Amino acid sequence: MTSNTTSPTPSTEDDGARGQAARVFLGLKIKPVPVEFMLIASAALLLTIFGLVMVLSATSASPTAPLDTFMKQGVFALIGIPLMFVLSRFSMSFFKKMAWPILGLALVLQSLILTPLAVHADGNTAWVMIAGQQFQPAEFLKVATALWVGYVLYRKQALLGLWRHVFIPLVPVSALILGSVLVGKDLGTAMVLMMILLSALYFSGVKLRVFFLPLIIGAIGVAVLALTNLNRLDRIMSVFSDCTGDAYDNVCYQPMHGIWGLASGGIFGLGLGNSKMKYEWLPAAQNDYIFAIVGEELGLIGCLVVLALFATFAVGAFRIVRRTPDPFVRIVSGAIAVWIVGQALINIGVVLRLLPPLGVPLPFMSQGGTSLLSVLIACGVLLSFTRTLPEIPASTNVVPMVPRRRTAAS
């Protein structure tokens, strides 16, 4: 009796071996995307889209060309989002090599506020007009500072216990960075830059006595700059004012209308596009006070969504800090995370009247092309860093399922 089973031919075996080799090769080349990559990229994309919608809504009440601001913001988003993913493919060595040149270029751009190209607004000189396009060079200085200070502290990692090695070149160059912004009277941006520098020191692991000295010096400097300027002092005191009489018409006008916008939204809001404060009641509705429009139109639910997206970004960024074995990645990632999340909390604190108006935009969402572009570039750096993280080993605590031996009784 003959068997109908046929043995595989050599050609079939060769095809199976080649197929298996191809699957192994593709598995090595196409690795799963890290969780941190997904958290940061998704938060950045959703916040950017959310911001575009809110900018369109906030500027729809403009009497002239209501779509112009939205279109400009959209152009920067179309540039920044692909650039973020392009930067995510760059190697870590590239950012180390380019840290000093990027800082130098950012300082050159910032120096343009001392030229006839500078634009003066609201008592500050923080903008530059080139070929009919206005931008704020200090926004690029933030990401450049994070990369530069991370590289300097990475190179001096073994010498951070000695003050003189922390002092040079960190303190002189930091003073130049802060001075280039303060010369334009932009205290809010200078405070964010100081926050980046201090957070980098913290994540570098310097001793507390080295960390607290610049912290104290920075706090004294901010206090002096605030107390010696009448406009800044009035804005600080507005937090503690009852906002009646002349105070309401001056320093309290914008904060109070921001609070009223949030309060009128309730839990579910008035509906997208139905804000009343944007009809020239709330100054800078599409800029520093965009969060008030979110609360008015989308209510508490919309505000919580924004906070949840920033929390998602923070989780992804700080997971990089926790998992990376490289000091450069840890310092830069920590500095960028503190910058973006800290600036968001400052902006929201201003809208809630917990902090005085500082002129700090809400990252991803406030109208401002250079602000959006700078945070998307920073996200691209973080996404690049996620590719250097070690793989999480599979759990070895899983107990294999062994079939129970059947006994005679069963």
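Here the structure is a predicted model, which is why all the values come from computation and not from measurement.

Some thoughts on unusual backbone geometry
For the bond running from Ile-168 to Pro-169, omega is 0°, close enough to zero to count as cis. You can see Pro-169 is positioned in the loop between helix 6 (163-167) and helix 7 (170-182). In this structure, Glu-280 takes a positive phi of about 65° despite not being glycine. Tracing the sequence through the fold places Glu-280 in the loop between helix 12 (253-265) and helix 13 (290-323). The exposure class assigned to Glu-280 is exposed, which follows from its relative accessible area of 65%. For Phe-364, which is not glycine, the phi torsion reads 75° and is therefore positive. Examined against the element boundaries, Phe-364 turns out to sit in the loop between helix 14 (327-351) and helix 15 (369-386).

Observations regarding empty space enclosed by the protein
Going through the model one piece at a time under the given rule, you end up with one cavity of 30 Å³ or more. Considering the residues around the largest cavity, the lining is formed by Asp-288, Asn-347, Val-350, Val-351, Leu-358, Gly-359 and Val-360. Residue composition of the lining of the largest cavity, grouped by class: four nonpolar, two polar and one charged.

Focus on the confidence of the model for the protein
Per-chain confidence: the protein averages 86 in pLDDT, with 87% of residues scoring 70 or above. The low-confidence segment residues 396-410, where pLDDT is below 50, has zero contacts with residues more than four positions distant or belonging to other chains.

Some details on the layout of surface pockets
The volume enclosed by the second largest pocket comes to roughly 540 Å³. Along the walls of the second largest pocket sit 26 residues, with Leu-178, Met-194, Pro-214, Ile-217 and Gly-218 positioned nearest its centre. Put simply, the parts of the chain that give the lining of the second largest pocket at least two residues each are helix 6, helix 7, helix 8 (187-204) and helix 9 (208-227). For the lining of the second largest pocket, the class distribution of residues is 22 nonpolar, four polar and no charged.

Side note on the nonpolar core
One finds Phe-364 and Met-365 to be the most contacted residues of the largest nonpolar core, which totals 104 residues. A total of 15 residues in this core trace back to one element, the largest contributor, which is helix 14. Apart from residues lying up to four places away in sequence, Phe-364 is in contact with Ala-44, Leu-47, Thr-48, Gly-51, Phe-310, Ile-340, Leu-372, Val-375, Leu-376 and Cys-379.

So, the environment of Trp-127
One can find Trp-127 in strand 2 (residues 124-130). If we skip the residues at most four places from it in the chain, Trp-127 touches Ile-113, Leu-117, Ala-118, Val-119, Ala-121, Gln-134, Phe-135 and Gln-136.

A look at helix 13
Helix length check: helix 13, at 34 residues, gives a terminal C-alpha distance of 34 Å against a target of 50 Å (1.5 Å per residue), a shortfall beyond 12%. The largest bend in helix 13 comes to about 130°, at Leu-298.

Some remarks on the pairing of strand 2
Examined bridge by bridge, strand 1 (residues 118-121) and strand 2 share four bridges and lie antiparallel to one another. Each bridged residue has a counterpart across the sheet, and for Ala-121 the counterpart in strand 2 is Asn-124. In this structure, the hairpin formed by strand 1 and strand 2 is closed by a connection of two residues, where Asp-122 is found at a positive phi of approximately 55°. Taken together, the three bridges between strand 2 and strand 3 (residues 133-135) define a ladder with antiparallel strand orientation. Directly across from Met-129, in strand 3, lies its bridge partner Gln-134. From the end of strand 2 to the start of strand 3, which pair antiparallel, there are two residues, and Ala-131 there has a positive phi angle of about 55°.

Reading the values: rules and limits
- In every chain, residue numbers begin from 1 and rise along the written sequence.
- Given that the model is predicted, a residue must reach a pLDDT of at least 70 before its local features are reported, and side-chain atom pairs must reach 80 or more before they are shown or counted; all residues, however, enter totals for whole chains, interfaces and linings.
- Calculated side-chain values reflect all of the structure's heavy atoms, with hydrogen atoms and water omitted.
- Only DSSP runs of H or I reaching four residues or more are called helices, and only runs of E reaching two or more are called strands; each is numbered from the N terminus.
- Buried means the residue's accessible area, taken with a 1.4 Å probe over protein chains only, is under 20% of the maximum for its type, while exposed means over 50%, and partly exposed covers the values in between.
- A pocket, in this scheme, is an open set of points on a 1 Å grid over the protein atoms alone with protein on both sides within 12 Å along at least 5 of 7 lines, while a cavity is a set where a 1.4 Å probe fits but cannot get out; residues line either one if an atom lies within 4 Å of a point.
- Grid points are joined across faces, edges and corners, and a volume is the space filled by probe spheres set on the points.
- Note on residue categories: nonpolar means Ala, Val, Leu, Ile, Met, Phe, Trp, Tyr, Cys or Pro, charged means Asp, Glu, Lys or Arg, and polar means any other residue, Gly included.
- As a per-residue measure, pLDDT reflects the predictor's confidence and takes values from 0 up to 100.
- Residues count as neighbours in contact if any of their non-hydrogen atoms are within 4.5 Å of one another.
- Note on terminology: a nonpolar core comprises buried Ala, Val, Leu, Ile, Met, Phe, Trp, Tyr and Cys residues joined through side-chain atoms within 4.5 Å.
- Helix span, as expected, comes to 1.5 Å for every residue beyond the first.
- At any given residue, the bend is defined as the angle formed between two axes, one fitted to the seven residues that end at that position and one fitted to the seven that begin there.
- By definition, two strands form a pair when at least two bridges between them are found by DSSP.

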